[in-house]
Amino acid sequence: MIDLTLPIDEKSIRKLKVGDEVSLNGRLVTGRDAAHDWLVKERPDSVRDFLKNTMIYHCGPVVKKRGNDWEFVAAGPTTSIREEPYQGTVIQEYGLRGVIGKGGMGPQTLKALEANGAVYLHAIGGLATLIAESVVKVHTVFKLEEFGVPEAMWVIDVRDFPAVVTMDSHGGSLHEKIFRHSDNIRKKLLHIDV
Amino acid sequence: MELDFQDHAFRAAVLELIRRASTDLAPDVVQAIQTARENEDEGSAARGVLSAILKNIERAREKSTPICQDTGTNIYVVSLPLGISMRRIEKLIREATREATEKVYLRPNAVDPVTGKNSGDNTGVLAPYIHFEEWDEPAIAVKLLLKGGGCENVSTQYALPDVTLKADRNLEGVYKTVVDAVVKAQGQGCAPGILGVGVGGDRSSGMMLAKKQFFRRLDDSHPDPELARLESRLLKDLNTLGIGPMGFGGKTTALAVKIGVAHRLPASYFVSVAYMCWADRKHSMRFTPDEVIYD
Ligand code: SF4
C-alpha cells in the first residue's frame, strides 16, 4: 500500500505503476457529468485553485446537512467512461494529478495522463459507506443549487481512501489487459476464429 | 374480501421497505459474495475487493446508510387483491419515496431529460416505476428493486440472429449473447454481477422479464431443466473470463444467471440481458392491516 498525500507533485505520480494499491489522504474534489460539462464549456476560475495538483473524484454522493456543516453519508465512485470526451481537457486545463472513479477510461484520457503526469485510480464501486467514512471534512461546494447534490462539486478532505492504479502515466492500462484476455476467452467459448 | 387499511400504515410500511432495500442486502446475496471471497486467492486484488465489499455491507447495515450512493431506479412490483385502488397505492408509494429521500435512504435520482433538472425527491414521470398485478390473497405484496445506473448502462439487448456472434435463434444463441454482454460490460457494472436474461417478448416486455429475474433467490434454479442447465453452464463459463471483481481480474465475474422466457413474435427473437451489480438490492414485504412481514 502506497500513501499519497494530496495535493501532490508530478514526480511522485510518475512513480506509480498499474496494479499499485494506494491510500489517499488530503484534498480532492468530486465531479461528474454536469461538472465536467461546466469545466470544459465555461472554464470557471473559481475552482482552479482547488483542482490544481490534486484529483477529481467521479462520485455523486449522498450528503446530509448537520447545522451549518455537511456530512457525507454515501460516496462510492460512479462510472468514469461517461467523462471520456471531457477528461483530457480537464486534466490539462486545471493541472490535475489524477482521476478517481470506476470502470476505467479510454485512449484520450490515457494520452492525457501520460502527457500531463497524472494517473487513473480505480475505487471500489458501491463502497459508499466505507468511503463516506473516509471523508473527514467538507471544505466547500460549487454549483449545488444548479446541479443538485450528486452533480455538484464537493471539495473534501479524505483519510485512508483506498484505490488501485489501473491507468498510469506511462501508457499502462489494466483495463486493456483484462479486456484483451477476456475477449480471447469469449472468442473460444463462442467458436469465433481469432 | 375487502382489505381495509389506513393510508399512514401502508406508507410507513413502504418507507421501511425502502430503508431495508437501500441499507441492507438480502441474505442470499451476502452469502454469494462470501462464498466468492473464499474462492479467490489469498492476497489477490479480487479477494481484497470482496472483503471491502463485505465490510461495507456490514457498516451500512449498522449505520442504516445506503449500501451504495446510487440508490438507483426504484422498481416496484405490487400484487393487489381485487378492489384496491391502484391510484391510491401509487400515491402512497410516491409519498413514501419523498419521505425516504428526505431521510437520505435514497439519493435524489430523478432528472428531467428536457430541462436537466433533478426533481429532488425521486418522483417524476414513471419515477418511481410501479408495476401492478392482481392476486387472490387478502394482502398487498410489494417487491422493490433498487437498480443502479452503472449496471443499467451495461445492460443490453440482442436481436437474433446475430451474424458477428454466430448466434442463431435458439438457446445456444442465447448463451452466446450473454457471454458477449458480460465481456462488453467488463468491470463497469460493478462486477461481480447478477445476470437477468429475458428470452422472447418484445423489446420492452423482454427487458422487464429480464429484470423480474432479480427477484429470484440467487441459489434457486429454473424449474425447466433445460433452462436450469443453461443458467449453470453460463455461470460457470462467465467465471472463466477472468474479469473479476471490479474488472481487476479474478475468478468471480458473475454471482448468478437467471433466465426467464416469454412468447415471441415469429419475426423477432430478442434476448434482453439485464446486469445487476453486486449491490443487488431487492426486498419484499407482505402487508395486511394487522402485520407487515418483510422478507
Ligand atoms: S453499479 Fe451498483 S454498486 Fe456500482 S455504483 Fe451503481 S448502484 Fe452502486
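The rules behind the values
Residues numbered from 1 in each chain as written. Chains lettered and ligands numbered in written order. Predicted model: local features only at pLDDT ≥ 70, side-chain atom pairs only at ≥ 80, totals over all residues. Heavy atoms only, no water. Pairing = 2+ DSSP bridges. Helix = DSSP H or I, 4+ residues; strand = E, 2+ residues; numbered from the N terminus. Axes fitted to C-alpha atoms, helices over the stretch in contact; angles between N-to-C directions. Contact = heavy atoms within 4.5 Å. 1 Å grid on protein atoms, 1.4 Å probe; cavity = no way out; pocket = protein on both sides within 12 Å on 5 of 7 lines; lining within 4 Å. Points joined across faces, edges and corners; volume = space filled by probe spheres on them. Buried area = accessible area lost by both parts, 1.4 Å probe. Salt bridge = Lys/Arg side-chain N within 4 Å of Asp/Glu carboxyl O. Parallel < 35°, antiparallel > 145°, perpendicular 65-115°, else oblique. Left-handed = near helix turned anticlockwise from the far one by under 90°. Nonpolar A, V, L, I, M, F, W, Y, C, P; charged D, E, K, R; others polar. Buried < 20%, exposed > 50% of the residue type's maximum accessible area, 1.4 Å probe, protein only. Near = heavy atom within 4 Å. Domains from an automatic or database assignment.

All names here are of chain B. In space, the four strands of this open sheet follow the order 4-7-5-6, with mixed pairing throughout. The sheet is open, and its two borders are formed by strand 4 (156–159) and strand 6 (254–262), each paired with just one other strand. Here the average twist between neighbouring strands, direction ignored, is 15°. For strand 5 (residues 193–200) and strand 7 (residues 270–276), the ladder comprises six bridges, and the chain directions are antiparallel. Directly across from G198, in strand 7, lies its bridge partner S272. In the packing of helix 7 (residues 203–212) onto the sheet, the strands contacted are strand 4, strand 5, strand 6 and strand 7, and the crossing angle to strand 7 comes to about 40°.

A separate point is the layout of surface pockets. Roughly 480 Å³ of volume is contained in the second largest pocket. For the second largest pocket, the lining is made up of 25 residues, of which A:I124, A:L127, A:L130, A:P162 and B:A52 are closest to its centre.

Next up on the list: the interface of chain A and chain B. Listed by partner, the interface residues are 42 residues for chain A and 40 residues for chain B. Carbon and sulfur atoms make up 63% of the area that chain A and chain B hide from each other, which totals about 3400 Å². Three residues stand out in chain A for area buried against chain B, namely A:T129, A:L189 and A:L190, and they jointly supply 16% of the buried area on that side. Here A:E133 makes a salt bridge to B:R59, at a shortest N to O gap of 2.7 Å. Mapped by element, the contributors of at least two residues to the side of chain A that touches chain B are strand 4 (62–66), strand 5 (69–74), helix 6 (128–134), strand 9 (153–167) and helix 8 (174–189) of chain A. When residues in the side of chain A that touches chain B are grouped by element, the largest group, 10 residues, is from helix 8 of chain A.

A packed helix pair is summarised by two numbers, namely the angle formed by the two axes and the spacing between the axes. Residues and elements named next belong to chain B. Helix 8 (residues 225–238) packs onto helix 6 (residues 171–185) with a crossing angle of 30° between their chain directions and a minimal axis gap of 11 Å. In terms of orientation, helix 6 lies roughly parallel with respect to helix 8. Of the two possible hands of crossing, helix 6 and helix 8 adopt the one that is right-handed. Of the residues in helix 8, those in contact with L171, E172, V174, Y175, V178, V179 and V182 of helix 6 are E226, L227, L230, R233, L234, D237 and L238. Grouping the constituent residues of the contact of helix 6 with helix 8 by class yields 10 nonpolar, no polar and four charged.

Let's shift gears to the pattern of salt bridges. All names here are of chain A. Under the definition given, this model contains 41 salt bridges over all chains. Of the charged contacts in the structure, one is a salt bridge between R14 and E10, with a shortest N-O distance of 3.1 Å. Linking R14 with E10, this pair stays in helix 1 (residues 10–14), spanning four residues, or about one helical turn. Overall, the relative accessible area of 34% leaves E10 in the partly exposed class.

Within the structure, the ligand sits among 13 residues, and B:C68, B:C151, B:C190, B:C277 and B:R281 are positioned closest to it. Residues close to the ligand are split across chains A and B. Each residue belonging to the shell around the ligand can be placed in one class, and the counts come to six nonpolar, four polar and three charged. Shared between two domains, the shell around the ligand takes at least three residues from each, and those domains are domain 1 (7–23 + 67–148 + 281–294) and domain 2 (150–276) of chain B.

With that out of the way, let us pick up the packing of helix 8 of chain A against helix 6 of chain B. In the contact formed by helix 8 of chain A and helix 6 of chain B, the axes pass within 10 Å of each other and the chain directions differ by 175°. The orientation of helix 8 of chain A relative to helix 6 of chain B falls into the category roughly antiparallel. Contacts between helix 8 of chain A and helix 6 of chain B involve A:F179, A:S182, A:D183, A:R186 and A:L189 on the former and, on the latter, B:Y175, B:V179, B:D180 and B:V183. Grouping the amino acids of the contact of helix 8 of chain A with helix 6 of chain B by side-chain chemistry returns five nonpolar, one polar and three charged.

Further remarks concern the sheet that holds strand 8 (residues 281–287) of chain B. Residues and elements named next belong to chain B. Spatially, the five strands line up as an open sheet ordered 2-1-3-8-9, and their pairing is mixed. Since the sheet does not close on itself, it has two edges, and those belong to strand 2 (129–134) and strand 9 (292–294), each with one partner. Going across the sheet, the axis of each strand differs from the next one's by a mean of 15°, ignoring polarity.

All names here are of chain B. Counting buried positions along strand 1 (residues 73–80) yields seven of eight residues, so the element is predominantly enclosed. Across seven bridges, strand 1 lies against strand 3 (residues 140–147) in antiparallel orientation. Following the sheet pairing, S79 is matched in strand 3 by A141. Sheet topology note: the strand 1/strand 2 ladder contains six bridges and is parallel.

With that settled, consider the environment of A:K11. Assignment of secondary structure puts A:K11 in helix 1. For A:K11, a relative accessible area of 63% puts it in the exposed group.

With respect to the secondary-structure elements, A:A35 resides in helix 2 (residues 33–41). Sequence spacing of A:A35 and A:H58 is 23 residues, and the spatial spacing of their C-alpha atoms is 9.8 Å.

Right, let's talk about the domain arrangement of chain B for a bit. Residues and elements named next belong to chain B. Entries for chain B in the domain assignment read domain 1 (7–23 + 67–148 + 281–294) and domain 2 (150–276). Computed over C-alpha atoms, the centres of domain 1 and domain 2 are 26 Å apart. Listed as interface residues are 14 residues of domain 1 and, on the opposing side, 14 residues of domain 2. Each partner contributes to the roughly 1100 Å² buried at the junction of domain 1 and domain 2, and carbon and sulfur atoms together form 69% of this total. Per-residue buried area on domain 1 facing domain 2 is highest for L145, K147 and K282; these three make up 48% of the total on that side. The tally of links between domain 1 and domain 2 comes to two salt bridges. Across the salt bridge formed by E133 and K212, the nearest N and O atoms sit 3.0 Å from each other. Going through the elements one at a time, strand 1, strand 2, strand 3 and strand 8 are the ones with two or more residues in the side of domain 1 that touches domain 2. Of the residues forming the side of domain 1 that touches domain 2, the biggest block, five residues, is contributed by strand 3. Residues of the side of domain 1 that touches domain 2, tallied by class, amount to six nonpolar, two polar and six charged.

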